[in-house]
Amino acid sequence: MSQPAANCPNCGAVVQFRWSGAVQTTCEYCRSILVRRDLNLEKVGEVGDLQREVSPIQIGTEGIFHNKAFQVLGRILYEYEGGGWNEWHVVFSDGVSGWLSDAQLEYNVSFLTTPPEVLPPADQIARARLFSWGGVHYEVTSVTRARYRGVAGELPFEYWDKKDVVFADLRSANARFGTIDYSEAAPLLYLGEAVEFDELRLKNLRDFDGAGPAGSSPKVTVSGLNCSHCGAPLALRAAGHSLSVVCGQCHSVLDATDPNLQVLEKFEAKQAIKPVIPLGTRGKLEGAEYEVIGFQVRCTDVDDMPDSWDEYLLFNRYRGFRYLTLYNGHWNYVKTVPASPERIQVGKKPGVTLMGHTYVLFDTALSTTTYVRGEFPWRAHVGEKNGIKDFIAVPRILSCEITEQETVWSLGEYMTGAQVWQAFQLPGRPTAAQGIFANQPAPFAGQASSMWRVCMNLLAAVILLAIIVYLVAGQKNVFHHQYSYAPRAGAEASFVTDSFEVKGHPSNVEISIHTDLHNNWAYFNLALINESTGHGYDFGREISYYTGDGGEGSRNDSVIVPSVVPGRYYLRVEPEMANNAPSMIYTLEIASNVPSAALFWIAAALLLIPPVLATWRAASFEGRRWSQSDFSHRDDSDSK
Amino acid sequence: MVLAFVGFAQYEGWSLARVNEVKNIPRTVRDNPGAYRSHYGGYYRYMGGK
């Protein structure tokens, strides 16, 4: 970048431009605002006292965005009811000018863009309005009336002594960001995207008492103050970011931006609630160290049953704010999402998509803050009400909080108490989790599907084994003969068959009997006898066959004699019929090496038990999860 | 394990079926089958038949 220079018309100091496109700059020595008329500088004003520097970014900070290096050259500071933010003017290595906004340590990079359509005037822009540009759907998430507080460094246009300015922030489902700037006569459109601190790979950041962002300790400066109501000592850990601080002694909510700590409100607490994680505790989450600076209790009233949870506000001087929520021993690590999800329908339930994930509506409630302690970057107070919608995609929970001023989306990820204790090195053990939380991962997640996969593979193996066994078994017919029998009182019916050979290894021998019975019955006393050893297998079979009324019975029957050792055998047969029964013709067939189908069915049933049990267990868990939602079937009168 | 068990059971000729086993049946039964008394003899006398 070329660096032209000129002399300040007010104090004569050398003013060096880092960027050739700069239209306005400020003199570092006398703080005059200087407009460049080429290299003749005209003083147009002075930079006022800017607020205490709390942003880690400063003029001269360097970073990377989409693999392009940039440098921070200028700044515009705004303030509004909910706090303040910086618009850092950045210039890339190719000379392109852009803006890095830094609001409560949430970062967005955007560029001046020609509006694809005529933008609505300031009095017609409202929250929830939708725009669609370049295939991206934007939603207005906030409309802010801000006060200009000052400028510094090099800017690409003339900008000073502004009064109130209206900004409309836009978000999309994939973290695209936009701002409609009403500081000029014609609205200006800036489009870009939200970025995480680490993605920018910033260097030459502001040095807060000797610590940097990569250090293990961001060294949050604790300001020692006293409560203006009761005089108790107060610790202000996020000075410059916090808007309110609550005195732990008298429960006064104080204005953290007022040097005199004006009392905003005072609430009566029936008892002091002691946070599980004490304020000031530091812990490591996502590789960064955070300090607990605030605590609040919120409750909802669903089905006339009050339900409450705790929220811990965490602060890192570079990465901003995070939250830990606690409900019945279930923890969630939460951060605000710089996006506006797209509404969809998931089956019969409403849902949203965000960053490629689909979330299903779990419940809707109105929350009320019942206790506050510590610091907050908003005017936290007892009685604060917010509408909340929770959407889940286990193990994540996406919450939408709606206030009069804005819609805020937060993304939480489930944590166990043990993980929280580990992160903050807390003594003792966490309270055991009770019940099932909305986004609690199922302890058996994935087990059922993996078990079914294994089961299917094993069933295929069983089928293959059955095929092999039936092919290899070598089932053989060893005997076949036809007989006739006519019952005669007093006559000896028994006889023995010719011998036959059962070869090979011990196997099942199947004896089949085929008759020509018709509306009659016959009984066969059978004995399979080894000629050599005299070992016999004794059994009987009844065969009956009747027509009429749909028929009953069968003319045929068979029996399996198990584990018959090889050898020569004969069959002793003794048929029986009613004395007056007509004669019967029947055939005896004997086969050896007969596979047992029952064993394969038993194996299949055994293999199915684990996946069926796992599926039932998983379904039971999900049923108990959703019984806590707006879609439970416990009480149809309350279902939504 | 289940597959191995089924394979072994098939080879050994195991089955769920159960029959009475009788030992030391004399060879004379071959010549005089009426001398052998089956455990299941006289079925119809007790059951009545149809």
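Reading the values: rules and limits
- Per chain, residues are indexed from 1 in the order of the written sequence.
- Working convention: letters from A go to chains and numbers from 1 go to ligands, in the order in which they are written.
- This being a predicted model, a pLDDT of at least 70 is required before a residue's local features are given, and a value of 80 or more before pairs of side-chain atoms are given or counted; all residues contribute to the totals for chains, interfaces and linings.
- Elements are defined by DSSP. Helices are runs of H or I of four residues or more, strands are runs of E of two residues or more, and each kind is numbered from the N terminus.
- C-beta atoms are first placed from the backbone for all residues, and any pair lying within 7 Å is then listed as a contact.
- By definition, two strands form a pair when at least two bridges between them are found by DSSP.
- In this analysis an axis means a line fitted to C-alpha atoms, helices contributing only their contacting stretch, and an angle means the value between N-to-C directions, from 0 to 180 degrees.
- Remark: C-beta atoms are placed from the backbone, and a residue is labelled buried if 20 or more other C-beta atoms sit within 10 Å of its own, exposed if 12 or fewer do, or partly exposed between those counts.
- Angular relationships are summarised with four words: roughly parallel below 35 degrees, roughly antiparallel beyond 145, roughly perpendicular across 65 to 115, and oblique for the angles in between.
- Classes in brief: Ala, Val, Leu, Ile, Met, Phe, Trp, Tyr, Cys and Pro nonpolar; Asp, Glu, Lys and Arg charged; the others, Gly included, polar.
- An automatic or database domain assignment supplies the start and end points of every domain.
- Directions from the helix axis toward the C-beta atoms define the arc.
- Buried Ala, Val, Leu, Ile, Met, Phe, Trp, Tyr and Cys residues form a nonpolar core when they are connected through C-beta atoms within 7 Å.
- Each residue carries a pLDDT score, the predictor's own confidence in it, on a scale running from 0 to 100.

So, the overall build of chain B
Within chain B, the secondary structure is distributed over three helices and one strand. Going residue by residue from the N terminus, the α and β elements of chain B occur as α-β-α-α.

Thoughts on the interface of chain A and chain B
The extent of an interface is frequently quoted as the accessible surface area lost upon association of the parts. With 46 residues of chain A at the contact, the number on the chain B side is 34 residues. If you list the elements that add at least two residues to the side of chain A that touches chain B, you get α3 (447–472), β33 (495–496), β35 (507–515), β36 (520–530), β37 (536–546), β39 (556–564), β40 (567–576) and α4 (597–626) of chain A. With seven residues, the single largest contributor to the side of chain A that touches chain B is β37(A). Summarising the sheet, β37(A) and strand β1 (residues 20–22) of chain B pair through three bridges and their orientation is antiparallel. When the bridges of β1(B) are listed, A:Tyr537 appears paired with B:Glu21.

Regarding the sheet that holds strand β32 (residues 476–485) of chain A
The pairing of strands in a sheet comes from backbone hydrogen bonds and takes either a parallel or an antiparallel form. All names here are of chain A. On the basis of which strands lie adjacent, the open sheet formed by four strands has the order β32-β41-β35-β39 and antiparallel pairing. The open sheet has two free edges, formed respectively by β32 and β39, since each of these has just one partner strand. Strand-to-strand twist in this sheet, taken as the mean axis angle between neighbours without regard to direction, amounts to 15°.

Topic: the environment of A:Thr515
All names here are of chain A. With respect to the helices and strands, Thr 515 occurs in strand β35. Sequence-wise, Thr 515 and Met 584 are 69 residues apart; in three dimensions their C-alpha atoms are separated by 6.9 Å. The contact partners of Thr 515, leaving out residues within four places of it in the chain, are Ala 522, Ile 543, Arg 555, Asn 556, Met 584 and Tyr 586.

Overview of unusual backbone geometry
Excluding glycine, a negative phi dihedral is what most residues carry, and trans is how most peptide bonds are arranged. Residue and element names in this part refer to chain A. Residue Pro 395 follows Val 394 across a cis peptide bond; omega there is 10°. Within the fold, Pro 395 resides in the loop between β29 (385–393) and β30 (396–402). Located in the positive-phi region is Gln 104, a residue other than glycine, with phi close to 50°. Accessibility expressed as a C-beta count within 10 Å gives 18 for Gln 104, which makes it partly exposed. A positive phi is found at His 251, a non-glycine position, where the angle reads about 60°. Secondary-structure assignment places His 251 in the loop between β18 (244–246) and β19 (252–255).

Section: the sheet that holds strand β3 (residues 24–26) of chain A
All names here are of chain A. Pairing in this open sheet of three strands is antiparallel, and the strands run β3-β4-β5 from one edge to the other. The sheet is open, and its two edges are formed by β3 and β5 (40–46), each paired on a single side. Across the sheet, the mean angle separating the axes of adjacent strands is 30° when strand polarity is ignored. By the bridge criterion, three bridges tie β3 to strand β4 (residues 32–37) in an arrangement that is antiparallel. Note that in β4 the partner of Gln 24 across the bridge is Val 35.

Remarks on the packing of α3(A) against α4(A)
Think of two packed helices as two axes; the pair is described by the angle between the axes and how far apart they sit. All names here are of chain A. Here α3 crosses α4 at 170°, and the two axes come no closer than 9 Å. One way to sum up the angle between α3 and α4 is to call them roughly antiparallel. Contacts between α3 and α4 involve Gln 447, Ala 448, Met 451, Trp 452, Cys 455, Leu 458, Leu 459, Val 462 and Ala 466 from the first element and Phe 600, Ala 603, Ala 604, Leu 607, Leu 608, Pro 610, Pro 611, Ala 614, Thr 615 and Ala 618 from the second. Looking at the contact of α3 with α4 residue by residue, the classes come out as 17 nonpolar, two polar and no charged.

What to know about the domain arrangement of chain A
Residues and elements named next belong to chain A. With domains assigned, chain A is organised as domain 1 (48–200), domain 2 (223–424) and domain 3 (474–594). Facing the 23 residues of domain 1 at the interface are 23 residues of domain 2. Listing elements by their share of the side of domain 1 that touches domain 2, those giving two or more residues are β10 (106–113) and β12 (136–153). Of all the elements, β12 adds the most residues to the side of domain 1 that touches domain 2, at four residues. Of the residues contributing to the side of domain 1 that touches domain 2, the split by class is eight nonpolar, ten polar and five charged.

Describing helix α1 (residues 2–12) of chain B
Along α1(B), the residues classified as buried are B:Val6, B:Ala9 and B:Gln10. Here the buried residues of α1(B) occupy an arc of 100° about the axis, which is enough to place them on one side. Residues of α1(B) that are exposed and angled more than 90 degrees away from the buried face: B:Ala4 and B:Phe8. Elements that come into contact with the buried residues of α1(B) comprise α3 and α4 of chain A. B:Gly13, located one to two residues past α1(B), shows a positive phi value of around 75°.

Focus on the packing of α4(A) against α1(B)
It is the contact of α4(A) with α1(B), at a shortest axis distance of 10 Å, that shows an interaxial angle of 170°. The angle between the axes of α4(A) and α1(B) places the two elements in the roughly antiparallel class. Between α4(A) and α1(B), the contacting residues are A:Leu599, A:Phe600, A:Ala603, A:Leu606 and A:Leu607 on the first element and B:Val2, B:Val6, B:Ala9 and B:Gln10 on the second. In terms of residue class, the contact of α4(A) with α1(B) is made up of eight nonpolar, one polar and no charged.

Let's talk about the environment of A:Ile463
Turning to its location among the elements, A:Ile463 is positioned in helix α3. Separated by 141 residues in the primary sequence, A:Ile463 and A:Ala604 place their C-alpha atoms 9.0 Å from one another.

Some points on the nonpolar core
All names here are of chain A. The biggest cluster of nonpolar side chains holds 100 residues, and the ones touching the most others in it are Val 90, Leu 314, Phe 391 and Leu 398. Looking at which element gives the most residues to this core, the answer is strand β28 (residues 357–376), with seven residues. Two domains each donate at least three residues to this core, and these are domain 1 (48–200) and domain 2 (223–424).

Topic: the environment of A:His514
All names here are of chain A. Take His 514: it is sitting in strand β35. You can call His 514 partly exposed: it has 17 C-beta atoms within 10 Å. Residues His 514 and Ser 554, spaced 40 residues apart in sequence, show a C-alpha to C-alpha distance of 9.3 Å. Excluding residues that lie within four positions of it along the chain, His 514 makes contacts with Arg 555, Asn 556, Tyr 586 and Thr 587.

A short note on the confidence of the model for chain B
All names here are of chain B. Chain-level pLDDT for chain B is 70 on average; 74% of the residues reach the 70-or-more range. Overall, residues 43–50 carries pLDDT values under 50, and its contacts beyond four positions in sequence, including any with other chains, amount to twelve contacts. Under the prediction, the complex receives an ipTM of 0.75, its pTM being 0.73.

Focus: the pairing of strand β7 (residues 68–80) of chain A
Residues and elements named next belong to chain A. By the bridge criterion, four bridges tie strand β6 (residues 62–65) to β7 in an arrangement that is antiparallel. Bridging across to β7, Gly 63 finds its partner in Phe 70. Hairpin connection between β6 and β7: a loop of two residues separates the two successive antiparallel strands, and His 66 in this loop has a positive phi of roughly 50°. Relative to strand β8 (residues 83–92), β7 runs antiparallel, the two being bridged by ten bridges. When the bridges of β8 are listed, Val 72 appears paired with Val 90. Connecting the antiparallel pair β7 and β8 is a turn made up of two residues. The sheet contact formed by β7 and β12 spans six bridges and is antiparallel. Residue pairing in the sheet places Tyr 78 in a bridge with Tyr 148 of β12.

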